[in-house]
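Listed below are the residues making up each chain.
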Amino acid sequence: MDKHEGRDAGTIRLDDPWYDALAVGWGEGAGAGEGSVAAPGGGAETSPPNSGPGGAPARAASDIYLEVQRSAAFQEVRGRYRRFVVPATIGFFLWYVAYVIAATTAPGMMARPVFGSVNVALLAGLGQFLSTFLLTWAYARHARLRRDRAALDLRWTVFEQEQVRRADAGERTRTRGAGR
C-alpha cells in the first residue's frame with residue numbers, strides 16, 4: 001500500500017491490481033478521484049482526453065482489455081476454466097436429473113430401505129448435498145492450482161498498462177493546461 005501526498009494525504013490507496021479501479025473516487029467528493037479533470041460547471045470529468053501527443057489517438061482502457069482478451073495467456077486461462085466447468089456442470093446436471101427421474105418413475109426402488117428407516121431416496125438426496133460440496137471444493141482447488149496464478153499475472157499486466165495509460169493521460173492534461 002502506498003500513502004500518497006496531496007489533497008487527501010490521509011487517504012491510503014491500494015497499489016494492487018485486485019483493487020476495484022471503478023470504485024476509486026466514490027464518496028471522495030467532486031474532483032477528488034484519481035485522474036479526474038475539472039469540467040466546466042465545477043464537476044469532475046473522468047474520461048481521458050481523446051488524443052495523445054501530436055494528435056495521435058490516446059490508448060483507451062478498452063483497447064488494453066481487448067488486447068489482453070486476444071492474448072494467448074488469456075485464452076489459456078479461459079480454456080482451463082471451460083475444460084473444468086463444462087464437464088462438471090453437465091455431470092452435476094445429469095446426476096440431478098437422474099435423481100428427479102428416479103424419484104418420479106421408480107418410487108418403489110427409491111423407497112427400498114437400506115438400513116432402518118433410511119432408504120435409497122434419502123441416501124441419494126444426501127448424495128446431492130455431498131456432491132455439491134465436493135464440486136465446490138474441486139472447483140476452488142482447480143482454480144487455485146490451474147488458473148489463479150495466470151489470472152493474477154494477467155491482472156497485473158492490465159494494471160500496469162492502465163497505470164501507463166493514466167500517466168500518459170495525466171501528462172497530456174498537464175501539457176494542455178500549461179498551454180492556456
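Owing to the predicted nature of the structure, the values given are computational and were not obtained by experimental measurement.

Honestly, the confidence of the model for the protein chain in this entry has me stumped. Any pointers?
One rule of thumb: low pLDDT means the predicted coordinates there are not for detailed reading. The pLDDT averaged across the protein chain works out to 76; a share of 62% of its residues lies at or above 70. Predicted confidence for residues 27–52 stays below pLDDT 50, and this span has 42 contacts to residues more than four positions away or in other chains.

Can you help me understand the nonpolar core in this one?
Most often, soluble globular proteins have nonpolar side chains that are buried together. Membership of the largest hydrophobic core is limited to five residues, which are Ile-64, Val-68, Val-77, Leu-154 and Val-158. Elements supplying a minimum of two residues to this core: α1 (61–70) and α4 (120–178). Sequence-distant contacts of Leu-154, that is, excluding residues within four places in its chain, are made with Val-68, Ser-71, Ala-73, Phe-74 and Val-77.

I keep staring at the pattern of salt bridges and nothing clicks. Help me out?
Oppositely charged side chains may form a pair once their charged atoms are brought near each other. In this structure the tally under the stated criterion is four salt bridges. As a salt-bridge pair, Glu-76 and Arg-80 come within 3.0 Å of each other at their nearest N and O atoms. Taken as a pair, Glu-76 and Arg-80 lie in helix α2 (residues 72–105) at a separation of four residues, close to a single helical turn. For Arg-83, the salt bridge identified is with Glu-76, shortest N-O distance 3.3 Å. Bridged by salt links that share partners, the residues Glu-76, Arg-80 and Arg-83 form one connected network.

Help me understand the packing of aromatic side chains in this model?
Pairs of aromatic rings are described using the distance from one ring centre to the other and the angle between the two planes. Applying the stated criterion across every chain, the model contains two aromatic pairs. Where Phe-84 meets Tyr-139, the ring centres are 5.9 Å apart and the plane angle is 50°; that geometry is what we call tilted. Of the two residues, Phe-84 sits in helix α2 while Tyr-139 sits in helix α4, which places them 55 residues apart along the sequence. Here the aromatic rings of Trp-156 and Phe-159 are separated by 5.6 Å at their centres, their planes lie at 85°, and the arrangement is edge-to-face. One end of the pair, Trp-156, and the other, Phe-159, are both in helix α4, three residues apart, so they sit about a helical turn from each other. A relative accessible area of 32% means that Trp-156 is categorised as partly exposed. A residue is classified by how much of its surface remains accessible, and Phe-159, at 18% relative accessible area, is buried.

Would you take a moment to explain the environment of Gln-69 for this structure?
Relative to the helices and strands, Gln-69 resides in helix α1. With a relative accessible area of 39%, Gln-69 lands in the partly exposed category. Taking the C-alpha atoms as reference points, Gln-69 and Leu-154, 85 residues apart in sequence, are found 9.6 Å from one another. Apart from the residues lying within four places of it in its own chain, the contact partners of Gln-69 are Phe-74 and Gln-75.

Just to check I follow, could you spell out the packing of α1 against α2 for this structure?
How two helices pack is summed up by the angle between their axes together with the distance between the axes. The contact between α1 and α2 brings their axes to 5 Å, and the two run at 65°. Taken together, the residues of α2 that come into contact with α1 (itself represented by Val-68, Gln-69 and Arg-70) are Ala-72, Phe-74 and Gln-75. The residue inventory of the contact of α1 with α2, partitioned by class, reads three nonpolar, two polar and one charged.

Analysis parameters
Residues numbered from 1 in each chain as written. Predicted model: local features only at pLDDT ≥ 70, side-chain atom pairs only at ≥ 80, totals over all residues. Heavy atoms only, no water. pLDDT = per-residue confidence, 0-100. Contact = heavy atoms within 4.5 Å. Core = buried A, V, L, I, M, F, W, Y, C linked by side-chain atoms within 4.5 Å. Buried < 20%, exposed > 50% of the residue type's maximum accessible area, 1.4 Å probe, protein only. Helix = DSSP H or I, 4+ residues; strand = E, 2+ residues; numbered from the N terminus. Salt bridge = Lys/Arg side-chain N within 4 Å of Asp/Glu carboxyl O. Phe/Tyr/Trp six-rings, centres within 6.5 Å; stacked < 30°, edge-to-face > 60°. Axes fitted to C-alpha atoms, helices over the stretch in contact; angles between N-to-C directions. Nonpolar A, V, L, I, M, F, W, Y, C, P; charged D, E, K, R; others polar.

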